[in-house]
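# Working through the structure, step by step
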Amino acid sequence: MRVLVTGGAGYIGSVVTEELTGQGHDAVVYDNLGKGHVQAIDRETPLVRAELADRDALCHALSHYRIEAVIHMAADSLVGESYSDPQKYYRNNVGAGLSLLDAMKDCGVARLVFSSTAAVYGEPEKQPIEEADPVRPTNPYGDTKLALERALQWYGEAYGLCHASLRYFNAAGASRRCGEWHHPETHLIPRVLEVAAARRDFVEIHGDDYPTRDGTCVRDYVHVIDLARAHVLALGLLDDRSAIYNLGCGGSGYSVLEVIETARAVTGREIPLRFGPRRPGDPAVLIASSEKIRRELGWDPQFQQLEAMIGSAWAWMQAHPRGYDSTGD
Ligand SMILES: NC(=O)c1ccc[n+]([C@@H]2O[C@H](COP(=O)([O-])OP(=O)(O)OC[C@H]3O[C@@H](n4cnc5c(N)ncnc54)[C@H](O)[C@@H]3O)[C@@H](O)[C@H]2O)c1
C-alpha cells in the first residue's frame, strides 16, 4: 500500500514509517519539521515538508504519490502546554486535522489510521480502561483528539471514510535507528535517562502518597515498535469498516519508582530523585486494556517488559548522545 504518514519525522511517526517500509509498503512522510527530524527519515523515503493546514500541499502529495491510505500522527501533544495555549491545540489538532480529512475527501483517499490518545478518557472510573468506557477529557489536548475522532465518525458516515483511532498513553523505547528527541522533554523515561546520563541532576516525583503499591503514580507504557506495528496492522481493516482500539501494556502498569529502579538496573548509573507535591489532576492509576485489538486484529506486542523499553531507549541515547543533532545518520 502507498501510505502518507503525517508527522512521520517525529518520534513515533519515524518508527511507523520504518515499520511500513520494513513490511514492504511505500511510505511518504508529510511533516513541517517543527518538532520532527529529517535524520529520522530513511533517505529512500520521500519527505514532503509542508503544513498540515495547507490543503493544496496535502492534495498535491496525495495525488502525486497516488496515496491509498494515511496514518495521521502530526499533532501538538504536550498536556501542560495545551492548558496554557489551547488555541494552538485546537488550530493544529482539530483545524489542521480537518484540512487533512477534506483533502482526503477531495482526492478520493478513504482510509485513515489516526493516532489518538487515551487522554480522551479523562479520569476513568475503572481500570483497565476499555473502549466503551465514557470519554471525558480533562485537558484541551485530549479534547482536541476526541474532537477529531468525532469528525472521523461523521465523515465516515457521510463520505465513506474508513478509519481506525488508536488510543494509548505513553510511547516508550526506540528502534535501532529512531528514538525520542523532544525539546523540552516531558516524558518520564527519557527524563530519567537524562539523569542517568548526567544531563539532568535529579528526577522529581510528583507525589508519594497515592493509593498504589509504592505510593507513586502507576502508568501504562507501550514500546514504540509495538505501537508502530499496531498502526500498520490497523491499515488492514480499513477496506470496509472503522474501529476504535486501545493500546496498552496489558499488565498492572508500572509505577514511577519502578521506572526509576529499572532504569538504575539497565544503566548501572546513579539516578538521584526528589519527592515533590502531587500535580493537580494526576490520577493514581491509568492503564488501558488492549483486549479488543488483540482479539480482533491479533496485535501481539513483543516488548512489554519495562527492561526492553528502557534498554532500547538507553541504547539509542548512548549511540546518539546529542540526539539527532549530532548523528547525521
Ligand atoms: N508520545 C506519546 O507518548 C503519545 C501518546 C499518545 C498519543 N500520541 C500521539 O502520537 C502522535 C505522535 O507523537 P510523538 O510523540 O511522536 O510526537 P512528535 O512531536 O515527536 O511528532 C509529531 C510530528 O508531527 C509534526 N507536526 C506537528 N504539527 C504539524 C503540522 N501542523 N504540519 C506538519 N507536521 C506537523 C512534527 O513536526 C513532528 O515531527 C501525536 O499525534 C500524539 O498526540 C503520542
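What comes next concerns the included structure. Each chain carries its own residue numbering, running from 1 in the direction its sequence is written. For this predicted model, a pLDDT threshold of at least 70 governs which residues receive local features, and a threshold of 80 or more governs which side-chain atom pairs are given and counted, while totals over whole chains, interfaces and linings are taken from all residues. Water and hydrogen atoms were dropped before computing side-chain values, which therefore reflect all heavy atoms in the structure.

## Examining the packing of helix H2 (residues 55-64) against helix H4 (residues 86-107)
- Axis separation between H2 and H4 bottoms out at 9 Å; the angle between their running directions is 45°. In terms of their interaxial angle, H2 and H4 are classed as oblique. Considering the relative orientation of H2 and H4, their crossing is right-handed. Residues Arg 55, Leu 58, Cys 59 and Leu 62 of H2 touch H4, and the partners they reach there are Ser 99, Leu 100, Asp 102, Ala 103, Met 104, Asp 106 and Cys 107.
- When residues are grouped by polarity, Ala, Val, Leu, Ile, Met, Phe, Trp, Tyr, Cys and Pro land in nonpolar, Asp, Glu, Lys and Arg in charged, and all others, Gly among them, in polar. Here the residues of the contact of H2 with H4 are counted per class, giving seven nonpolar, one polar and three charged. Note on method: axes are straight lines fitted to C-alpha atoms, helices fitted across the in-contact stretch only, with angles between N-to-C directions ranging 0 to 180 degrees. Secondary structure counts use DSSP, requiring at least four H or I residues in a row for a helix and at least two E residues in a row for a strand, with both numbered from the N terminus. Roughly parallel refers to an angle under 35 degrees, roughly antiparallel to one over 145, roughly perpendicular to one between 65 and 115, and oblique to any angle outside these ranges. A clockwise turn of the near helix away from the far one marks a right-handed crossing, whereas an anticlockwise turn of less than a right angle marks a left-handed crossing. Throughout, a contact is declared for two residues whenever any of their heavy atoms are within 4.5 Å.

## A closer look at the packing of aromatic side chains
- Aromatic pairs are defined between Phe, Tyr and Trp rings, using the six-membered ring for Trp, whenever the two ring centres lie within 6.5 Å; interplanar angles under 30 degrees are classed as stacked, those over 60 as edge-to-face, and all others as tilted. The tally for this structure, following the rule as stated, stands at two aromatic pairs.
- The criterion for a charge sitting over a ring is simple: Lys NZ or Arg CZ within 6 Å of the ring centre, and within 35 degrees of the ring normal. Geometry around Tyr 159 places Lys 105 over its ring, the cationic atom sitting 4.8 Å from the centre.

## Regarding the pairing of strand S5 (residues 111-115)
- The buried label applies to any residue whose accessible area, calculated with a 1.4 Å probe on protein chains only, is under 20% of its type's maximum; exposed applies above 50%, and partly exposed to all values in between. Extensive coverage of S5 is indicated by the burial of four of its five residues.
- The pairing criterion is simple: DSSP has to find at least two bridges between the two strands. One ladder, built from three bridges, connects strand S4 (residues 69-72) with S5; its direction is parallel. The residue of S5 that forms the bridge with His 72 is Phe 114.
- When the strands point away from the viewer and the connection leading from the first strand across the helix to the second strand turns clockwise, the crossover is called right-handed. Taken together, S5, helix H5 (residues 140-159) and strand S6 (residues 162-168) constitute a β-α-β crossover, and its handedness is right-handed.

Spatial relationships are all this shows, so hold off on functional conclusions.
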